[in-house]
Amino acid sequence: MKKTLQSLLMLVIILTAYTSQAQIRMTLVDPVNGMVWVKNFSSTNVDIAGYRFCANGTYPALSSLTLTGGGTVIAAGTTRLITGLTLDVVSTGSDVALYLPNAGGGSAEFSNP
């Protein structure tokens, strides 16, 4: 019983840490049409203007891309569609990710989820 309780407590801690970090997530990627859906899973509004989208070795800020469905501030539980992307549809294993910016340096900070 003690091990089960410890396991459940550890699971709660891990899930709490994960959900507090991963507020903004990609929910769908359409490489053929160059579209990505991004959703805010937090309980507050999140401004994604400074987030960087990684695809094919480039890291443009989301504020420089076309967002459909509103501006860069995503309300809790809502989704934005990013269009006009050039995504690699030929190679398997191409990278697609979202990154938070570093402290004003303009490049992606890979240590921050």
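The rules behind each value
Along each chain, numbering runs from 1 in the same order as the chain's sequence is written. Given that the model is predicted, a residue must reach a pLDDT of at least 70 before its local features are reported, and side-chain atom pairs must reach 80 or more before they are shown or counted; all residues, however, enter totals for whole chains, interfaces and linings. Computation of side-chain values: all heavy atoms of the structure, hydrogens and water removed. A run of H or I in DSSP counts as a helix once it spans at least four residues, and a run of E counts as a strand once it spans at least two, with each numbered from the N terminus. Each residue is placed in one exposure class: buried if its accessible area under a 1.4 Å probe, protein chains only, is under 20% of its type's maximum, exposed if it is over 50%, and partly exposed if it falls in between. Every residue pair with non-hydrogen atoms within 4.5 Å of one another is taken to be in contact. Accessible areas in this description were obtained via Shrake-Rupley with a 1.4 Å probe; residue shielding takes into account the shown protein chains only. Ring geometry is summarised as follows: Phe, Tyr and Trp rings, the Trp one being its six-membered ring, pair when their centres sit within 6.5 Å, and such pairs are stacked at plane angles under 30 degrees, edge-to-face over 60 and tilted between the two. Here, a charge over a ring means that NZ of Lys or CZ of Arg falls within 6 Å of the ring centre while also lying within 35 degrees of the ring normal. Here, strands pair whenever DSSP counts at least two bridges between them. Each axis is a line fitted through C-alpha atoms, taken for helices only over the stretch in contact, and angles between the N-to-C directions span 0 to 180 degrees. On a scale of 0 to 100, pLDDT captures the predictor's confidence in every residue. Within this scheme, the nonpolar core is defined by two criteria: the residues are buried Ala, Val, Leu, Ile, Met, Phe, Trp, Tyr or Cys, and they are joined through side-chain atoms within 4.5 Å. In this count, Lys and Arg are taken as positive residues and Asp and Glu as negative ones, while His and the chain termini are left out. Salt bridges are counted wherever a side-chain nitrogen of Lys or Arg sits within 4 Å of a carboxyl oxygen of Asp or Glu. The definition of a polar contact used here is a pair of N or O atoms within 3.5 Å, where within protein one atom must be able to donate a hydrogen and the other to accept one, and adjacent residues in sequence count solely through side-chain atom pairs.

Caption draft 1: Highlighting the overall build of the chain. When its secondary structure is counted, the chain shows one helix and eight strands. Starting at the N terminus and walking to the C terminus, you meet the elements of the chain as α-β-β-β-β-β-β-β-β. The buried share of the chain, taken over its 113 residues, is 28%. Looking at the chain alone, contacts between residues at least 24 apart form 56% of all its contacts between residues at least 6 apart. Total accessible area on the chain is roughly 7000 Å²; 61% of this is exposed by carbon and sulfur atoms.

Caption draft 2: Examining the packing of aromatic side chains more closely. Using the criterion set out here, one finds zero aromatic pairs in the structure. Positioned over the ring face of Phe41 is Arg25, at 4.0 Å from the centre of the ring.

Caption draft 3: Molecular detail of the sheet that holds strand β5 (residues 66-68). With respect to topology, four strands assemble into an open sheet ordered β1-β2-β7-β5, the strand pairing being antiparallel. Each edge of the open sheet is held by one strand with a lone partner, namely β1 (24-30) and β5. Across the sheet, the mean angle separating the axes of adjacent strands is 30° when strand polarity is ignored. In terms of strand pairing, β5 meets strand β7 (residues 79-83) through three bridges, oriented antiparallel.

Caption draft 4: How the structure looks around the confidence of the model for the chain. For the chain, per-residue confidence averages 75 on the pLDDT scale, and residues scoring 70 or more make up 63% of the total. Averaged over each element, pLDDT in the chain is lowest for helix α1 (residues 2-21) (60) and highest for strand β6 (residues 73-74) (92).

Caption draft 5: Representation of the nonpolar core within the structure. Judged by nonpolar contacts, the single largest core of 17 residues is most densely connected at Ile48, Phe53 and Leu62. Elements with a contribution of two residues or more to this core: β2 (35-40) and β4 (52-55). Excluding its chain neighbours within four sequence positions, the residues that come into contact with Ile48 are Ile24, Leu62, Leu67, Thr72 and Ile74.

Caption draft 6: Just the pairing of β4, in detail. On β4, burial covers both faces: Arg52 and Cys54 on one face and Phe53 and Ala55 on the other are all buried. Note that β4 and strand β8 (residues 96-99) share four bridges and pair antiparallel. Bridged to Ala55 within β8 is Val96.

Caption draft 7: A look at the side chain of Arg80. Along the chain, Arg80 turns up in strand β7. Buried charge without a salt bridge: Arg80, with Asp47 as the nearest opposite-charge side chain at an N-O distance of 9.0 Å. A polar side-chain atom of Arg80 sits 2.8 Å from the main-chain carbonyl oxygen of Val73.

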